[in-house]
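# Inside the fold
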Amino acid sequence: MGLVGGQTGPMETRDQDDVEHDDVEPAPPSWVLRTPTRQHEVWTVPLFTVALAVAVVIVGVVVGSAFGAIVAIVTGGPVAVGAVVLAVAGRRAFVEQSRAASWRFHQVGVLMAFGTGTLVALAALTVGTLLGIFPGVLGVSIVAFSNARSVPRFDRLVAAVTALVLAFGAAVLVVLGLTLQTITADRSAVWVGAGWFVAVIAAVVAVVQFRAAARAPRD
């Protein structure tokens with residue numbers, strides 16, 4: 001009897017542990033945990049994004065040519081507008097503290113991250129400088145492949161689409177660099193030399209992310 005009792009005790013303990021584990025709720029998605037809970041969390045990223053947009057415009061106008069200034073303004077404008085949209089979404093998520101508001105904030109943040117990286121890379125390539133091309137491409141790739149087991153399908157699709165846009169834009173610049181005779185030799189060299197590399201890498205990222213989106217969780 002003592003032996004039987006000794007065997008029964010641990011079995012009951014394991015059963016209790018199983019019940020306790022079954023009662024534990026699964027952890028919320030990472031995008032829920034990133035919902036702003038303090039005022040400064042609402043404004044930090046939007047302010048940084050606005051500063052980035054202003055810096056792009058200032059560098060393009062002061063340092064670059066007239067063509068570079070136009071590209072900088074066209075690039076900085078959408079980034080600044082996106083920062084405002086991100087601030088509004090963050091403020092709403094902070095006030096409501098609901099899953100729906102957190103998801104909208106996450107969607108805006110993902111669009112801003114991938115969109116900004118793509119715009120900066122394309123702008124740098126268009127102007128004819130390598131500065132900004134590789135940070136933009138690497139930034140998009142790092143965000144796309146980080147925390148791969150918990151990346152929602154929306155994130156994957158945004159990564160794939162923006163990478164496809166980057167690949168198409170770089171490919172167009174390669175064609176223009178090979179056919180146009182009015183552009184400078186330095187700019188043509190960057191369009192053709194770095195353009196094909198960016199196009200290939202971005203196309204690979206797009207294919208990988210489209211395939212990953214098919215099996216990614218919805219949230």
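Not measured: the values here are computed from a predicted model.

### Describing the overall build of the protein chain
Counting its secondary structure elements, the protein chain contains nine helices and zero strands. The order of helices and strands in the protein chain, counted from the N terminus, is α-α-α-α-α-α-α-α-α. Each of the 219 residues in the protein chain was classed as buried or not, and the buried ones make up 37%. The long-range fraction of contacts in the protein chain, counting pairs at least 24 apart against all pairs at least 6 apart in sequence, stands at 74%.

### Concerning the confidence of the model for the protein chain
Residues shown with low pLDDT carry predicted positions that ought not to be read at fine detail. Summary statistics for the protein chain give a mean pLDDT of 82 and a share of 79% for residues scoring 70 or more. Long-range and interchain partners of residues 1–8, a stretch whose pLDDT sits below 50, account for zero contacts in this model, where long-range means more than four residues apart.

### Points about the packing of aromatic side chains
Using the criterion set out here, one finds three aromatic pairs in the structure. With centroids separated by 6.2 Å and ring planes inclined at 85 degrees, the aromatic side chains of tryptophan 196 and phenylalanine 197 adopt a geometry described as edge-to-face.

### Concerning unusual backbone geometry
Although it is not a glycine, glutamine 97 sits at a positive phi angle of roughly 50 degrees. Within the secondary structure, glutamine 97 is located in the loop between α4 (66–96) and α5 (99–127). With a relative accessible area of 44%, glutamine 97 lands in the partly exposed category.

### What about the side chain of arginine 187?
One can find arginine 187 in helix α8 (residues 185–193). No salt bridge forms around the buried arginine 187; measuring N to O, its nearest opposite-charge neighbour aspartate 186 is 8.8 Å away. Beyond its immediate chain neighbours, meaning those up to four positions away, arginine 187 contacts Ser65, Phe67, Thr126, Val127 and Gly128.

### A short note on the packing of helix α7 (residues 153–179) against α8
Describing two packed helices takes the angle between their axes plus the distance from one axis to the other. Interaxial distance between α7 and α8 falls to 8 Å at its minimum, and their mutual angle equals 135 degrees. Taken together, α7 and α8 sit at an angle that is classed as oblique. Where α7 crosses over α8, the two elements pack in a sense that is left-handed. Residue-level contacts link Leu173, Val174, Leu176, Gly177 and Leu178 of α7 to Ser188, Trp191 and Val192 of α8. Within the contact of α7 with α8, the residues separate by chemical class into six nonpolar, two polar and no charged.

### Thoughts on the nonpolar core
Of all hydrophobic cores here, the largest spans 14 residues; its most connected members are Leu125, Leu166 and Ala170. Membership of the second largest hydrophobic core comes to seven residues, among which are Ala89, Ala101, Val108 and Met112.

### Digging into the environment of serine 98
You can see serine 98 is positioned in the loop between α4 and α5. Measuring from C-alpha to C-alpha, the distance between serine 98 and threonine 35 comes to 9.0 Å, with 63 residues separating the pair along the chain. Side-chain polar atoms of serine 98 contact the backbone nitrogen of alanine 101, separated by 3.2 Å.

What counts as what
Here, residues in each chain are numbered from 1, in the same order as that chain's written sequence. Given that the model is predicted, a residue must reach a pLDDT of at least 70 before its local features are reported, and side-chain atom pairs must reach 80 or more before they are shown or counted; all residues, however, enter totals for whole chains, interfaces and linings. Heavy atoms throughout the structure, all of them, feed into the side-chain values; hydrogens and water do not. Only DSSP runs of H or I reaching four residues or more are called helices, and only runs of E reaching two or more are called strands; each is numbered from the N terminus. Classification of residues uses two cut-offs on accessible area relative to the type maximum, computed with a 1.4 Å probe and protein chains only: under 20% is buried, over 50% is exposed, and between them is partly exposed. The contact definition used throughout considers only heavy atoms, calling two residues in contact when any of these lie within 4.5 Å. Known as pLDDT, the predictor's confidence for each residue is given on a scale from 0 to 100. For Phe, Tyr and Trp, rings pair up if their centres lie within 6.5 Å, where Trp contributes its six-membered ring, and each pair is then called stacked (planes under 30 degrees apart), edge-to-face (over 60) or tilted (otherwise). In this tally, Lys and Arg are treated as positive and Asp and Glu as negative; His is ignored, and so are the chain termini. Any Lys or Arg side-chain nitrogen located within 4 Å of an Asp or Glu carboxyl oxygen qualifies as a salt bridge. Interaxial angle, 0 to 180 degrees, is taken between N-to-C directions of lines fitted to C-alpha atoms, where a helix line uses only the stretch in contact. Geometric relationships in this document are graded by angle, where less than 35 degrees denotes roughly parallel, more than 145 denotes roughly antiparallel, 65 to 115 denotes roughly perpendicular, and other angles denote oblique. Crossing handedness is defined as follows: a turn of the near helix away from the far one that is anticlockwise and smaller than a right angle gives a left-handed crossing, while the clockwise case is right-handed. Ten residues, namely Ala, Val, Leu, Ile, Met, Phe, Trp, Tyr, Cys and Pro, are considered nonpolar, four, namely Asp, Glu, Lys and Arg, are considered charged, and the remaining ones, Gly among them, are considered polar. Throughout, nonpolar core names a set of buried Ala, Val, Leu, Ile, Met, Phe, Trp, Tyr and Cys residues whose side chains join them through atoms within 4.5 Å. As used in this structure description, the phrase polar contact means that two N or O atoms lie within 3.5 Å; if the pair is within protein, one of them must be able to donate a hydrogen and the other to accept it, and residues adjacent in sequence are counted only when both atoms belong to side chains.

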